[in-house]
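Report on the structure
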Amino acid sequence: MKWILFSLILLSFIPLSQSQNDYRTLDEIKNYLMDLVDSNSEFASMEKLALSPGGHEVWLLKLGRGDEELSPGILLLAGADGSHPAGTHLLLGLSQRIAEQFQEKTGKDQYFYLVPVLNPDAYKQYHADLQYERLVNARETDIDRDGRISEDGYDDLDGNGMITLVRIEDPTGNFIPHEEDNRVMIPLEDRSKASTIYRLITEGVDNDKDGRFNEDGPGGINLNMNFAFNYPAFQPGAGEHAVSEEENRLLAEFLFKRWNIHTVFSFTRENNLTHPLVFDQNKVSSRIITGPFEGDAKIGQQVSQLYKRFLDGDSAPKMDQGPGSFSAWAYFHYGRFSFVSPGWWPGTVKIEDESGDEGSKGPGRNSNNSENYDLQFIQWADANGVDDFFVSWTEFDHPDFPGRKVEVGGFKPFVRHNPPPSFLDPVIDSHWVFLQAYQEKLPALEFQDVRVEQLESRIWRIRGRVVNVGDLPTSTELGDRTRWVRDIRNRILLSEGQELLFGSERDFYKSLKPGEYFEFSWLVSGRGEVTLEVAHPMSFDDTIKIDLR
């Protein structure tokens, strides 16, 4: 794969316009998208997909060339909640790479659809005066269902402008400090062997005196719990019903109109790219399908191997797709291949030697701390000179725990999954080379073994086959089952004076796996040119012309 090596070398010399000291604000993201569109108006456009309850636009960027209805598309989405601005930064970096690809007019006709921030209300909290990892939008919601709204939010007890944790010495608690680093709190496994046990809560007080802490803050609905697959009804943050939020509803409506989208990539704190889903016959045999079909699971394994060629998957954390998540919905209900990754973790970029010259230094594939993400992060931070990530545990006189030893501290908001943006530059490079390699694998329909036989002076038999020469199926097995994907259309276009004696002008076929094919045969009367066209919204198409003389 010489072109992959060349791309990596070339990328190392390109100054990234997205390199900066901090993550972009919502206004900066809008300006970035507008500048990208203005500079590439030939193939780029943007539209307001939705308006959040907080009055912020959800933007959709479109980059592509060709007949949009018959050119394969890829959706990239980030910002499903506000805890992961790194995902938005990665997506914006990729948008610049994609635009450069279209500027060079390389590759086939295709489309990319990018949603940088699905939940702008939550994303905005990163830049707020009080910083905490917000998951919900600004929909006024009685989360604890006590008849009052937003009456028990976070409280900045130590006045540092950020929400961390509170730990209380409590023999009935469930956490202890990690033996390797007492800053890290881990679940208690054996109570008899623990000397000091803690209870952990988020920073705040019990404002409504119901025995719970910070359970009803500003907002809202967690958009990544609000989709229809495995919807967690009645759970806090899930919404009154599935897809209740305009952000999600309008995104789903847009996707259901876009028959050409073949694959969905999401950047969020879930991961089926380095930890792909496995086939389970029981899950696909039940009334409600909850696992991937066998063929789709095999594709997931193959894409995972491709991803790990460019990123160090051995150090990646296991993050399940939660109930009501977008990434799970995109496969189980939208019927597309859906891959999700946090995009960055300590040791993301593969390390060729101990110096870490190829990317960020720190725990990579041989890290001894890979079982504990917090220790892995600390090791990475120490190796890379990142030191402003922890608030030391400091005693505090907490009104809800009089006479008890209470400490405020812990990891600062956002730091564990969102490194300083400069560390994402090589990660964007690696994801771009992966995305280029993935594009090469998209399904491609091709006419093969086309033969023309003259039966009489003006009668011709045309026959051959159409093969999927790509490395991916034209659609998922689940998409075929739900019939929410278009069939392959194979047709013959006749010139004036010609007549079709046998066969249909157009035939339709189901999905083709890599290397699979269907055969066709037509009888045509007359002379002149005929055109054969095979087309599918999610595949690269083929056209040939035949002169009947």
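Small disclaimer: the values here were computed from a predicted structure and weren't measured.

Mapped onto the elements, L478 comes out in helix α11 (residues 477-482). Each residue touching L478, except ones within four places of it in the same chain, is listed here: I289, F293, D296, Y331 and F332.

In this section: the nonpolar core. Counting residues in hydrophobic clusters, the biggest one holds 76 residues, and the most contacted among them are L63, L76, I98, F112, F377 and Y438. Beyond its immediate sequence surroundings of up to four residues, I98 is in contact with L63, L76, F112, L114, W432 and L435. Among the nonpolar cores identified, the runner-up in size contains 31 residues, and L118, F227, F254 and V284 belong to it.

Approximately 880 Å³ is the volume found for the largest pocket. For the lining of the largest pocket, the elements supplying multiple residues, two or more each, are β7 (181-187), β8 (198-202) and β12 (406-411). The dominant element in the lining of the largest pocket, judged by the number of residues it contributes, is β7, at 3 residues. For the lining of the largest pocket, the residue count by class is 16 nonpolar, 9 polar and 9 charged.

Given 3.6 residues to a turn, an α-helix orients residues that are three or four positions apart in the same direction. With 12 residues, helix α5 (residues 246-257) ought to run about 16 Å at 1.5 Å a step, and its terminal C-alpha atoms sit 16 Å apart, in line with that. Those residues of α5 that sit buried are E247, N248, L251, A252, F254 and L255. Seen from one end, α5 has its buried residues packed into an arc of 160°, which puts them on one side. On its buried face, α5 sits against β1 (44-51), β2 (57-64), β3 (73-78), β4 (111-115), β9 (261-267) and α8 (326-332).

The pairing of strand β6 (residues 175-178) with β7 spans 4 bridges and is antiparallel. When the bridges of β7 are listed, P177 appears paired with M185. Linking two consecutive strands that pair antiparallel, namely β6 and β7, is a turn of 2 residues.

Moving on to the packing of aromatic side chains. What the rule picks out here adds up to 35 aromatic pairs. For the ring pair F229 and F332, a centre distance of 4.1 Å and an interplane angle of 5° mean the geometry is stacked. In this pair, F229 sits in the loop between β8 and α5 while F332 sits in helix α8, placing the two residues 103 residues apart along the sequence. Here the aromatic rings of F520 and W522 are separated by 5.0 Å at their centres, their planes lie at 40°, and the arrangement is tilted.

It is worth spelling out the sheet that holds strand β20 (residues 542-548) at this point. The strands making up a sheet associate through backbone hydrogen bonding, with each pair oriented either parallel or antiparallel. The 4 strands are arranged β17-β15-β19-β20 in an open sheet whose pairing can be described as antiparallel. Across the chains shown, the open sheet's two edge strands, defined by having one partner strand only, are β17 (506-509) and β20. Taken over all neighbouring pairs, the strand axes of this sheet differ in orientation by 15° on average, direction set aside. Pairing between strand β15 (residues 488-493) and β17: 4 bridges, direction antiparallel. Paired with N490 across the two strands is D507, which belongs to β17.

With that out of the way, let us pick up the sheet that holds strand β16 (residues 499-502). Read across the open sheet, the 4 strands follow the order β13-β14-β18-β16; overall the sheet is antiparallel. One side of each edge strand has no neighbouring strand; the edge strands of this open sheet are β13 (445-456) and β16. On average, each strand axis in the sheet is inclined to that of its neighbour by 30°, with strand direction left out of account. In the sheet, β13 pairs with strand β14 (residues 459-468) via 9 bridges, with the strands oriented antiparallel. Note on β14: the bridge partner recorded for V452 is I462.

Turning our attention to the confidence of the model for the protein. With 89% of its residues at a pLDDT of 70 or more, the protein shows a mean pLDDT of 89. Confidence over residues 1-19 falls short of pLDDT 50; this stretch has 28 contacts with residues more than four positions distant or in other chains. Residue range residues 351-369 is modelled with pLDDT below 50. Its contacts to residues more than four positions away, or to other chains, number 41 contacts.

If you walk through the whole model with that rule in mind, you get 3 cavities of 30 Å³ or more. Considered as a void within the structure, the largest cavity measures approximately 190 Å³ in volume. Considering the residues around the largest cavity, the lining is formed by 15 residues, among which N272, L277, P292, Y331 and S338 are closest to the centre. Elements with a contribution of two residues or more to the lining of the largest cavity: α7 (294-307), α8 and β10 (337-341). Looking at which element gives the most residues to the lining of the largest cavity, the answer is α8, with 4 residues. Grouping the constituent residues of the lining of the largest cavity by class yields 9 nonpolar, 5 polar and 1 charged. Taken as a whole, the second largest cavity encloses approximately 80 Å³ of empty space. If you trace the second largest cavity, you find 13 residues lining it, with L94, F265, F267, H431 and F434 closest to the centre. Contributing elements (two or more residues each) for the lining of the second largest cavity: β9, β10 and α10 (425-441). Residue classes in the lining of the second largest cavity are distributed as 10 nonpolar, 3 polar and no charged.

Conventions adopted
Within every chain, residues take consecutive numbers counted from 1 along the sequence as written. Where local features are concerned, this predicted model is filtered to residues with pLDDT of at least 70; where side-chain atom pairs are given and counted, the filter is 80 or more; whole-chain, interface and lining totals use all residues. Hydrogens are left out, water is left out, and the side-chain values use all remaining heavy atoms of the structure. Per the convention used, a helix needs a DSSP run of H or I reaching at least four residues, while a strand needs a run of E reaching at least two, with both numbered from the N terminus. Throughout, a contact is declared for two residues whenever any of their heavy atoms are within 4.5 Å. Think of a nonpolar core as a cluster: buried Ala, Val, Leu, Ile, Met, Phe, Trp, Tyr and Cys residues, connected wherever their side-chain atoms sit within 4.5 Å. The rule is simple: take the accessible area with a 1.4 Å probe, protein chains only, and divide by the maximum for that residue type; under 20% is buried, over 50% is exposed, in between is partly exposed. The method works on a 1 Å grid over the protein atoms by themselves. A cavity is a set of points holding a 1.4 Å probe that cannot get out, a pocket is an open set with protein on both sides within 12 Å along at least five of seven lines, and residues with an atom within 4 Å of a point line them. Grid points are joined across faces, edges and corners, and a volume is the space filled by probe spheres set on the points. Here the nonpolar group is Ala, Val, Leu, Ile, Met, Phe, Trp, Tyr, Cys and Pro; Asp, Glu, Lys and Arg are the charged ones; every other residue, Gly included, is treated as polar. Take the number of residues in a helix, subtract one, and multiply by 1.5 Å to get its expected span. This arc corresponds to the set of directions leading from the helix axis out to the C-beta atoms. Any two strands with at least two DSSP-identified bridges between them are counted as paired. Each Phe, Tyr or Trp ring, with Trp reduced to its six-membered ring, pairs with another whose centre is within 6.5 Å; inter-plane angles below 30 degrees give stacked pairs, above 60 give edge-to-face pairs, and intermediate values give tilted ones. Axis geometry follows a simple rule: fit a line to the C-alpha atoms, using only the stretch in contact for helices, then measure angles between N-to-C directions, giving values from 0 to 180 degrees. Confidence of the predictor in every single residue is expressed as pLDDT, which spans 0 to 100.

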